[in-house]
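Residues per chain are reported as follows:
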Amino acid sequence: MHHPQNTTIIGLQWGDEGKGKMVDHLAEHADIIVRFQGGHNAGHTLVVEGVTYKLNLLPSGIVRPDKKTALGHGVVLDLWALEKEMETLSTAGITITPERFMIAENASLIMPWHRVQDQNRERGLGDNKIGTTGRGIGPAYEDRVGRRAFRAGDLLDPQALNARLQGVADQVDDFCAFAEDMMRFSRTLAPHIVPLWQVLAQSQRRGETILFEGAQGFYLDVDFGTYPFVTSSNTLASQAATGTGLPAAAVGHVLGVVKAYTTRVGSGPFPTELSDTTGEHLGAKGHEFGTVTGRKRRCGWLDGVLLKQACTINGIQALALTKLDVLDELPAIKVAVAYQKAGVTYTHLPLHWRDFSDVSVVYDTLPGWQSITAGLQDYDALPDNAKAYIAYIERLSGVPITCISTGPRREDTIVR
Ligand code: IMP
């Protein structure tokens, strides 16, 4: 089957790269925007015509009235969170019809007890906690591979669902309220639940294009990230196919989003982390607080070792560089090119996090530009040192930077 040019967009760091804005930007040229992993642990902020939208679960394209959106089966779905998000958007005047928002029938559900399990486990880990968002993401994925999950399609048969709910009565505090909620979801959400693989395959045959919207970031991938300080899904680009039921070739053009510096929320190793005034400056100027948990994000320099590896594993064809303007005041900018520990030099992510924490980092240092790039929309208007930083990242990663974000608004974007 021939695939029209789809695009897959993923974050190449630990999330919060500014994907939401890039997805919004690209959504203009796609017919359907699809999420393929993660759940409402994601936080996407969009600023459209002065209105700020914060989305956790619904694909970013939902704010564009002429676009279709979908949640693939790779997503874990909290129906309470979904209901709330749909209500918030409706109040803001956004219409969400079944035609415009589809849910894969085989997507696993996050149940109330998953959240409790998530939070209890974190408490149990004490100082070794992962720093999860506490939303039940991990336990929901565990139940999926454990073959005991409730799935979206179960809502389509309320009688069978009701019978099955009796079996989990001891898992919730207020069973009546819980069962009532589930029956309501089965009424309100049923029209949205479809065999998504089939709907998407048909739409591809009609020549419609898909934008696959990644959540979290590559180094939170359960297999390739900084395990065990990761999320419980695959965040890599090929998951766009695996998490939706489309053939591998449907992944299409793979765009990686990389922030001009690095942030991380939650625990886990972070070699280029800055615990000095420069780190504070990045956090304050970049408004680095989690959209989901409100936690302060840890900040540091761009990590070229990780960037290169991410580009290789994901087959990144183009990069979008975000938040360049946050670096405007800095006199010098550093980028990690290797790590050293116990006489060993690493130019890739070591397998074990113990080998990856307390490494000494080998940096390249580039001159800052110390002038304003915020809001620029034209590449030629960038200061020479900012252009040199961009060219440096392209050389290092071997991937062209085709898009540069210079501010939170839709129009604060340079396209090359
Ligand atoms: P979980 O996904 O809630 O299980 O959390 C696991 C790890 O992923 C924690 O370090 C979280 O802070 C991190 N995480 C999950 N979702 C996001 C996200 O959308 N952005 C940034 N970090 C995330």
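Residues numbered from 1 in each chain as written. Predicted model: local features only at pLDDT ≥ 70, side-chain atom pairs only at ≥ 80, totals over all residues. Heavy atoms only, no water.

**Considering the overall build of the protein chain**
In step 1: Across its full length, the protein chain holds 12 helices and 20 strands.
In step 2: For the protein chain, the C-alpha radius of gyration of 21 Å lies close to 22 Å, the compact-globule estimate for 416 residues.
In step 3: For the protein chain, the spread of C-alpha atoms along the principal axes amounts to about 65 × 50 × 40 Å.
In step 4: Out of the 416 residues belonging to the protein chain, those deemed buried represent 56%.
In step 5: Within the protein chain, counting contacts between residues at least 6 apart in sequence, those at least 24 apart form 75% of the total.
In step 6: Total accessible area on the protein chain is roughly 17300 Å²; 51% of this is exposed by carbon and sulfur atoms.
In step 7: A gap of 2 Å separates the mean positions of the 40 positive and 46 negative side-chain charges of the protein chain. (Helix = DSSP H or I, 4+ residues; strand = E, 2+ residues; numbered from the N terminus. Rg over C-alpha atoms; globule rule 2.2 N^0.38 Å. Buried < 20%, exposed > 50% of the residue type's maximum accessible area, 1.4 Å probe, protein only. Contact = heavy atoms within 4.5 Å. Areas by Shrake-Rupley, 256 points an atom, 1.4 Å probe, with all protein chains shown as cover. Lys, Arg positive; Asp, Glu negative; His and termini not counted. Charge placed at Lys NZ, Arg CZ, Asp CG, Glu CD.)

**Overview of the site of the ligand**
In step 1: Near the ligand, the surroundings consist of 16 residues, among which N41, G131, T133, T231 and V265 are the closest.
In step 2: In the model, a nitrogen atom of the ligand is placed 3.2 Å from a nitrogen or oxygen of the Q216 side chain.
In step 3: A distance of 3.0 Å separates an oxygen atom of the ligand from a polar backbone atom of V265.
In step 4: Burial of the ligand by the protein chains amounts to 96% of its free accessible area of 480 Å². (Near = heavy atom within 4 Å. Polar contact = N/O pair within 3.5 Å; in protein donor to acceptor, adjacent residues only side chain to side chain.)

**Quick look at unusual backbone geometry**
In step 1: At the junction of Y227 and P228, the peptide bond is cis and its omega measures out at 5° in the coordinates.
In step 2: Inspection of the secondary structure assignment puts P228 in the loop between β10 (210-213) and α8 (239-242).
In step 3: Unusually for a residue other than glycine, Q216 sits at a positive phi of about 60°.
In step 4: You can see Q216 is positioned in the loop between β10 and α8.

**Observations concerning the sheet that holds strand β2 (residues 32-35)**
Either a parallel or an antiparallel arrangement is found when strands of a sheet pair, and the pairing is made through backbone hydrogen bonds.
In step 1: Across the sheet, 10 strands lie side by side as β9-β7-β5-β2-β10-β1-β11-β15-β19-β20; this open sheet has mixed pairing. The two strands at the open ends of the sheet, each matched to only one other strand, are β9 (193-194) and β20 (413-415).
In step 2: In this structure, strand β19 (residues 401-405) lies alongside β20, joined through three bridges in antiparallel fashion. For C403, the partnering residue across the bridge sits in β20 and is V415. (Pairing = 2+ DSSP bridges.)

**A few points about the side chain of H44**
In step 1: Within the element layout of this structure, H44 appears in strand β3 (residues 44-48).
In step 2: Note on H44: relative accessible area 7%, which makes it buried.
In step 3: Reaching out from H44, the side chain makes a polar contact with the side chain of S60 at a distance of 3.4 Å.
In step 4: A distance of 2.6 Å separates polar atoms of two side chains, one belonging to H44 and the other to E213.
In step 5: Among all residues touching H44, those that are not within four sequence positions of it are K19, G20, Y53, K54, L55, S60, E213, G214 and T291.

**A look at the pairing of strand β11 (residues 253-259)**
In step 1: When you tally the buried positions in β11, you get six out of seven residues, the bulk of the element.
In step 2: Examined bridge by bridge, β11 and strand β15 (residues 318-322) share five bridges and lie parallel to one another. Within β15, the residue paired with G256 across the bridge is L319.

**Quick look at the pairing of strand β4 (residues 51-55)**
In step 1: Note that β3 and β4 share five bridges and pair antiparallel. Each bridged residue has a counterpart across the sheet, and for T45 the counterpart in β4 is K54.

**Some words on the environment of T272**
In step 1: Considering the arrangement of structural elements, one finds T272 in the loop between β12 (262-264) and α9 (277-285).
In step 2: Its relative accessible area of 0% is what places T272 among the buried residues.
In step 3: On a C-alpha basis, the gap between T272 and A310 in space is 16 Å, while along the polypeptide they are 38 residues apart.
In step 4: Excluding its chain neighbours within four sequence positions, the residues that come into contact with T272 are T262, G300, W301, L302, D303, A336, V361 and Y363.

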